[in-house]
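Chain by chain, the residues:
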Amino acid sequence: MSFRPQTGSRRNAAKQFSKSTHEKKAKEKKQRSGGKYVEETAEISAKEVVEKTLITLSKLGTQIFALSPFSQYFDDWLVSLNQVVSEFESNPTIQVDEQFVKERSQIFLDVEGILAEKRLQESNISEEAKQLAEINHLIVEIDKEYAEKTRERSFKRNADVQRLSTNIRELEETEATQREIKFGFFQLRAKRKATEQLLQTQQELKSTKNELQVTLESFTAEQEKMHDDYEKRKQQLIEKSDSLHKELEKLETDLSTNPRQEATKALANAINAYVQRTPVAPQNR
């Protein structure tokens, strides 16, 4: 039997060893490269999460509710806000700290309290509208009452003035007639009686004129007092009406816009502060 050197086997073994070493190095390089990729992917993903959350918060902050009562949209808005923050916190690339949780909780408490107050204000809209209608009705009624009383008093004054004026005119004519009566010496008794009648007529005339003056002055004073009372009552009702109008106008405006925008800005600031104090950690795989 002849001996053959096993050169082929040695070459195959060397080749296999070289291949194994190459594959091992390639694998190690790939693993190192993969680790770096995972780190970069996690970092980019965290930034994207933050940017997406901030954009969504901005949209929620500027959201406009269409129709009153605006409180009908509050619950859905709060649900959306809570969902945005929950998605941010639950993302694997985000590990919120205690400070962020505390700030976020306080922001939600504040905005929920404000919206609850706005909801209560809007719940009073029907009652305030009813009060406004009643006040407007009262204003119409006191206008009507004042006009009727003024008309009645004017009729009475005119009737009294006409009656007294007629009496005065008749007394003045009587006085003039009595002054023109001439009596002889032998008619002394008749003259004395005529003089007494003249004095009585003059007294009645004076009294009637005084009554006319008092009637006119009393009417003016009472009319002024009635007018002052009317104006005072009406002014009070008008002021109350204006106040209710303003309240109702407020309810026709979405007063939750600023509080909602402030809440989303506060959350955005809390997220930015969290990012500043907490470096993004690589995601382990």
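## Description of the overall build of the protein chain
Part 1 of the argument: In terms of regular secondary structure, the protein chain is built from six helices and zero strands.
Part 2 of the argument: Counting from the amino terminus, helix and strand elements in the protein chain follow one another as α-α-α-α-α-α.
Part 3 of the argument: Looking at the protein chain residue by residue over its 285 residues, the buried ones come to 25%.
Part 4 of the argument: Of the contacts made within the protein chain by residues no fewer than 6 positions apart, 86% connect residues no fewer than 24 positions apart.
Part 5 of the argument: Surface accessibility of the protein chain: about 20,900 Å² in total, with carbon and sulfur atoms responsible for 52%.

## Thoughts on the packing of helix α2 (residues 74–90) against helix α6 (residues 257–277)
Part 1 of the argument: Following both chains from N to C, one finds α2 and α6 inclined at 5°, their axes separated by 12 Å at the closest point. As summarised for this structure, α2 and α6 are arranged roughly parallel, according to the angle between their axes. Where α2 abuts α6, its residues Trp77, Leu81, Val85 and Phe88 lie against Arg260, Thr264, Leu267, Ile271 and Tyr274.
Part 2 of the argument: For the contact of α2 with α6, the class distribution of residues is seven nonpolar, one polar and one charged.

## Quick look at helix α3 (residues 98–123)
Part 1 of the argument: Helix length check: α3, at 26 residues, gives a terminal C-alpha distance of 37 Å against a target of 38 Å (1.5 Å per residue), a fit within 8%.
Part 2 of the argument: Burial in α3 covers these residues: Phe100, Arg104, Ile107, Phe108, Val111, Leu115, Lys118 and Glu122.

## Observations concerning the environment of Glu170
Part 1 of the argument: Structurally, Glu170 is set in helix α4 (residues 125–180).
Part 2 of the argument: The exposure class of Glu170 is partly exposed, given its relative accessible area of 44%.
Part 3 of the argument: Sequence-wise, Glu170 and Thr201 are 31 residues apart; in three dimensions their C-alpha atoms are separated by 9.9 Å.

## Here we look at the nonpolar core
Part 1 of the argument: In this structure, Leu57, Trp77, Leu81, Phe88, Ile94 and Leu267 are the most contacted members of the largest nonpolar core, which totals 26 residues.
Part 2 of the argument: If you list the elements that add at least two residues to this core, you get α1 (7–61), α2, α3 and α6.
Part 3 of the argument: Element by element, the count of residues in this core is highest for α2, at seven residues.
Part 4 of the argument: Setting aside its immediate chain neighbours within four residues, Ile94 contacts Ala46, Val49, Val50, Phe88, Glu89 and Tyr274.
Part 5 of the argument: Listed in part, the ten residues of the second largest apolar core include Ile135, Tyr230, Leu244 and Leu248.

## Remarks on the pattern of salt bridges
Part 1 of the argument: The full count for this structure, using the stated rule, is 13 salt bridges.
Part 2 of the argument: The closest approach of N and O atoms between Glu222 and Arg153, which form a salt bridge, is 2.2 Å. You can see Glu222 sitting in helix α5 (residues 188–251) and its partner Arg153 sitting in helix α4, a full 69 residues away along the chain.
Part 3 of the argument: Here the residues in one salt-bridge network are Lys156, Asp160, Arg163 and Glu211, joined through shared partners.

## A look at the confidence of the model for the protein chain
Part 1 of the argument: Chain-level pLDDT for the protein chain is 80 on average; 78% of the residues reach the 70-or-more range.
Part 2 of the argument: Note on residues 1–22: pLDDT is under 50 here. Beyond four places in sequence and across chains, it has zero contacts.

## Thoughts on the packing of aromatic side chains
Part 1 of the argument: Summed over the entire model, instances satisfying the criterion amount to six aromatic pairs.
Part 2 of the argument: A ring pair is formed by Tyr146 and Tyr230, whose centres lie 4.1 Å apart and whose planes are at 10°; its orientation type is stacked. Of this pair, Tyr146 sits in helix α4 while Tyr230 sits in helix α5, and the two are 84 residues apart along the sequence. Like Tyr230, Tyr146 is buried.
Part 3 of the argument: Here the aromatic residues Phe65, Tyr73 and Phe74 are joined through ring pairs into a cluster of three or more.

Rules behind the numbers
Residues numbered from 1 in each chain as written. Predicted model: local features only at pLDDT ≥ 70, side-chain atom pairs only at ≥ 80, totals over all residues. Heavy atoms only, no water. Helix = DSSP H or I, 4+ residues; strand = E, 2+ residues; numbered from the N terminus. Buried < 20%, exposed > 50% of the residue type's maximum accessible area, 1.4 Å probe, protein only. Contact = heavy atoms within 4.5 Å. Areas by Shrake-Rupley, 256 points an atom, 1.4 Å probe, with all protein chains shown as cover. Axes fitted to C-alpha atoms, helices over the stretch in contact; angles between N-to-C directions. Parallel < 35°, antiparallel > 145°, perpendicular 65-115°, else oblique. Nonpolar A, V, L, I, M, F, W, Y, C, P; charged D, E, K, R; others polar. Expected span 1.5 Å × (residues − 1). Core = buried A, V, L, I, M, F, W, Y, C linked by side-chain atoms within 4.5 Å. Salt bridge = Lys/Arg side-chain N within 4 Å of Asp/Glu carboxyl O. pLDDT = per-residue confidence, 0-100. Phe/Tyr/Trp six-rings, centres within 6.5 Å; stacked < 30°, edge-to-face > 60°.

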